[in-house]
Amino acid sequence: MHPTDFTLRGAIDALSEGIISSVELTSAHLDAIAKLNPRLNAYISVTGEQALAQARASDARRAEGTAGPLDGVPLAIKDLFCTAGTRTTAGSRILGNFTPPYESTVSANLLRDGAVFLGKANLDEFAMGSSNTTSAFGPVENPWSRRNDPETRLVPGGSSGGSAAAVAARLALGATATDTGGSIRQPAAFCGIAGIKPTYGRCSRFGIVAFASSLDQAGPVARTVEDCAILLRSMAGFDPKDSTSADVPVPDFGAACARGVKGLRIGVPKEYRLDGTPPEIAALWEQGLAWLRAQGAETVEISLPHTQYALPTYYIVAPAEASSNLARYDGVRFGLRVTEPGSDLKDLYERTRAEGFGAEVRRRILIGTYVLSAGYYDAYYLKAQKIRALIKRDFDEAFRTVDAIVTPATPSAAFGMDEKQDDPVKMYLNDVFTVTANLAGLPGLAVPAGLDGQGLPLGLQVIGRAFDEETVFAVGAAIEHAADFTALPALRAGI
Ligand code: GLN
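Residues numbered from 1 in each chain as written. Predicted model: local features only at pLDDT ≥ 70, side-chain atom pairs only at ≥ 80, totals over all residues. Heavy atoms only, no water.

- Identification of the chain as Glutamyl-tRNA(Gln) amidotransferase subunit A from Paeniroseomonas aquatica is taken from an unreviewed UniProt entry.
- Its UniProt record gives the chain the following Subunit (unreviewed entry) comment, quoted word for word: "Heterotrimer of A, B and C subunits."
- Listed under Function (unreviewed entry) in UniProt, the entry text for the chain is "Allows the formation of correctly charged Gln-tRNA(Gln) through the transamidation of misacylated Glu-tRNA(Gln) in organisms which lack glutaminyl-tRNA synthetase. The reaction takes place in the presence of glutamine and ATP through an activated gamma-phospho-Glu-tRNA(Gln)." (UniProt positions renumbered as here; feature names shortened; annotations may be inferred.)

1. Digging into the environment of Gln461
At step 1: Mapped onto the secondary structure, Gln461 falls in strand β11 (residues 457–464).
At step 2: Residue Gln461 is classed as buried on the basis of its relative accessible area of 0%.
At step 3: For the pair Gln461 and Ala449, spaced 12 residues apart in the sequence, the C-alpha separation amounts to 9.7 Å.
At step 4: Here the side chain of Gln461 touches Arg185 through a polar contact of 2.7 Å, side chain to side chain. (Helix = DSSP H or I, 4+ residues; strand = E, 2+ residues; numbered from the N terminus. Buried < 20%, exposed > 50% of the residue type's maximum accessible area, 1.4 Å probe, protein only. Polar contact = N/O pair within 3.5 Å; in protein donor to acceptor, adjacent residues only side chain to side chain.)

2. Topic: helix α16 (residues 469–483)
At step 1: With 15 residues, α16 extends 21 Å between its outermost C-alpha atoms, agreeing within 8% with the 21 Å of an ideal straight helix rising 1.5 Å per residue.
At step 2: Within α16, the full set of buried residues consists of Glu469, Glu470, Thr471, Val472, Phe473, Ala474, Val475, Gly476, Ala477, Ala478, Ile479 and Ala483.
At step 3: Looking one or two residues past α16, Asp484 carries a phi angle of roughly 45°, positive in sign. (Expected span 1.5 Å × (residues − 1).)

3. With respect to the packing of aromatic side chains
At step 1: Evaluation of the coordinates by the stated rule reveals 17 aromatic pairs.
At step 2: Relative to Phe206, the ring of Tyr102 has its centre 5.6 Å away and its plane inclined at 40°; by these criteria the two rings are tilted. Of this pair, Tyr102 sits in the loop between β2 (74–78) and α4 (105–112) while Phe206 sits in the loop between β5 (194–197) and β6 (217–222); the two residues are 104 residues apart in sequence, bridging distant segments of the chain.
At step 3: Phe206 sits in the partly exposed class, given a relative accessible area of 24%.
At step 4: Relative to Phe334, the ring of Tyr329 has its centre 5.6 Å away and its plane inclined at 50°; by these criteria the two rings are tilted.
At step 5: Following the ring pairs from residue to residue traces out a cluster consisting of Phe98, Phe126, Tyr329, Phe334 and Phe357.
At step 6: Lying over the aromatic face of Phe415, Lys420 brings its terminal NZ or CZ to 4.6 Å of the ring centre. (Phe/Tyr/Trp six-rings, centres within 6.5 Å; stacked < 30°, edge-to-face > 60°. Lys NZ or Arg CZ within 6 Å of the ring centre and 35° of its normal.)

4. Describing the nonpolar core
At step 1: Counting residues in each nonpolar core, the largest one holds 155 residues, and the members touching the most others are Phe126, Leu171, Phe395, Phe473, Val475 and Ile479.
At step 2: It is helix α10 (residues 310–325) that contributes the most residues to this core, nine residues altogether.
At step 3: Each residue touching Leu171, except ones within four places of it in the same chain, is listed here: His29, Ala32, Ile33, Leu36, Asn37, Leu40, Tyr43, Leu118, Ala166 and Ala493. (Core = buried A, V, L, I, M, F, W, Y, C linked by side-chain atoms within 4.5 Å. Contact = heavy atoms within 4.5 Å.)

5. A look at the environment of Ala51
At step 1: Looking at the secondary structure, you find Ala51 in helix α3 (residues 48–64).
At step 2: Looking at Ala51, the relative accessible area reads 0%, which means it is buried.
At step 3: Discounting residues that sit within four places of it in the chain, Ala51 has contacts with Thr26, Leu30, Val116, Phe117 and Leu118.

6. Regarding the environment of Gly296
At step 1: Relative to the elements of secondary structure, Gly296 occurs in the loop between α9 (279–294) and β8 (298–302).
At step 2: The exposure class assigned to Gly296 is partly exposed, which follows from its relative accessible area of 33%.
At step 3: When near neighbours in sequence (up to four residues on either side) are disregarded, Gly296 contacts Val261, Lys262, Gly263 and Leu264.

7. Section: the pattern of salt bridges
At step 1: On inspection of all chains with the given rule, the structure shows 25 salt bridges.
At step 2: Close ionic contact of Asp113 with Arg112 constitutes a salt bridge, the shortest N to O distance being 3.0 Å.
At step 3: By relative accessible area, which is 9% here, Asp113 ends up buried.
At step 4: Residue Glu360 is joined to Arg364 by a salt bridge in which the shortest nitrogen-to-oxygen separation is 2.7 Å. Of this pair, Glu360 and Arg364 both sit in helix α12 (residues 359–372), four residues apart, which is roughly one turn of the helix. Residue Glu360 shares its accessibility class with Arg364, and that shared class is buried.
At step 5: Salt bridges sharing partners connect three or more residues here, namely Arg9, Asp13 and Glu226. (Salt bridge = Lys/Arg side-chain N within 4 Å of Asp/Glu carboxyl O.)

8. Overview of unusual backbone geometry
At step 1: Gly158 connects to Ser159 through a cis peptide bond whose omega is 5°.
At step 2: By the element assignment, Ser159 lies in the loop between β3 (116–121) and α5 (161–168).
At step 3: Located in the positive-phi region is Lys420, a residue other than glycine, with phi close to 65°.
At step 4: Mapped onto the elements, Lys420 comes out in the loop between β9 (404–408) and α14 (424–428).
At step 5: Classification of Lys420 by relative accessible area gives partly exposed; the value is 25%.
At step 6: In the Ramachandran plot, Phe467 falls in the positive-phi region, its phi being about 60° despite a non-glycine side chain.
At step 7: Among the secondary structure elements, Phe467 is positioned in the loop between β11 and α16.

9. Some details on the site of the ligand
At step 1: The ligand sits among 15 residues. The nearest are Thr180, Gly181, Ser183, Tyr314 and Arg364.
At step 2: Between the ligand and Ser183 there is a distance of 2.7 Å, counted from a nitrogen atom to a side-chain nitrogen or oxygen.
At step 3: In this structure, Arg364 approaches the ligand through a side-chain N or O atom, which is 2.7 Å from an oxygen atom.
At step 4: Contact with the protein chains hides 100% of the accessible area of the ligand, taken as 290 Å² for the molecule alone.
At step 5: Each residue belonging to the shell around the ligand can be placed in one class, and the counts come to five nonpolar, seven polar and three charged. (Near = heavy atom within 4 Å. Areas by Shrake-Rupley, 256 points an atom, 1.4 Å probe, with all protein chains shown as cover. Nonpolar A, V, L, I, M, F, W, Y, C, P; charged D, E, K, R; others polar.)

Pasting the structure below:
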């Protein structure tokens, strides 16, 4: 077995049994990155020397008997998390060579538990996108390809496309990611891996470059549901440095994966049966529900009546918050500064922001500024906030009678790198099944469940009650068990 083929759980066991050292495991991943990253572009920066130093330190801790729960496990870190001493780009030119003097709380928690960082994973600029084609550092390629059309290069989804592609291609055992409207779940589904956006407040946002602060949540992607559970346990926890971080205990998510679904009531929202959903996705959804029934769950139809307003609501709230958050990139405080001799401050702002931000980020800032402007605030932003409250109320109602909700993760499989690029609205439709969980602050897990006719992975989504990730993991693990998803992407290490 090639060392990059371990699951994260398997690697932890192999490390503790002395079957492999962290240096061996880390070197195998660095070799795989050297071979495949020039094509996949999943990493913006590879921190090989630092990774090997961390691996040696981990092996020493293990020899002393002081190893932590993730000791020696090589991970990728989405380049939206500040990493002390390592350049952090947010996929943008505007941060220039910004090297944070501090560590994000989530990545600090992983380091505390012994993880090894291989490098910084590519992403859509400021996490805005569904295809990882808006990165200033070039697009990421999905390691999967269509059976009958292997030449067409596919997107890995976004915005955490680098994290998902790295994990699917075995260039990391797991990765951090963030999800504002679907950026963990959609790329996980496109790349045939698992990913969870936990409840808002479960992971600290301290040190994560902000997109839309009331929606942003960190979470893991990994090749199994249990691997996500293990990572989330380390990433999560109260942090006084984030005023929206929740002071609640972090349960043993890994143990919850083995709970089973017997007696659980699973909601099936009728509004998620959209016209134009490919029949394969509708069939996989039915199949997923049948698997859960076969394991003792009951499935019931529910109604989430405001679902149809979720995307328009998201595309008002998220750009509004983004336009405010991104005002700080003014050429004075961080990174890039573009100026001409004799030009004034306004000119400095304009030149820096025009050159530093890509087209999608500029579009979001324009939309956000517009919906917050004095004349339109009530008509757009305020109205969107009211609908957001109704969307949340729909879920509160539903969770009075069901324990979890199961839906498709995405309305399509991965698409070609030059498809949908000319139409932002088509691109925004990718998030139709995922944004509701962000608007309501609820946990959502994507789990690979099958393949489409072209051999591309398709995922199902499990949404749970706030702070009930344990049930979400139990349902996700039950689907994973029944799906027995063993297909592998064409591009991967170890072959
Ligand atoms: N695709 C969505 C957007 O572009 C979600 C991105 C995300 O979750 N970060 O806004």
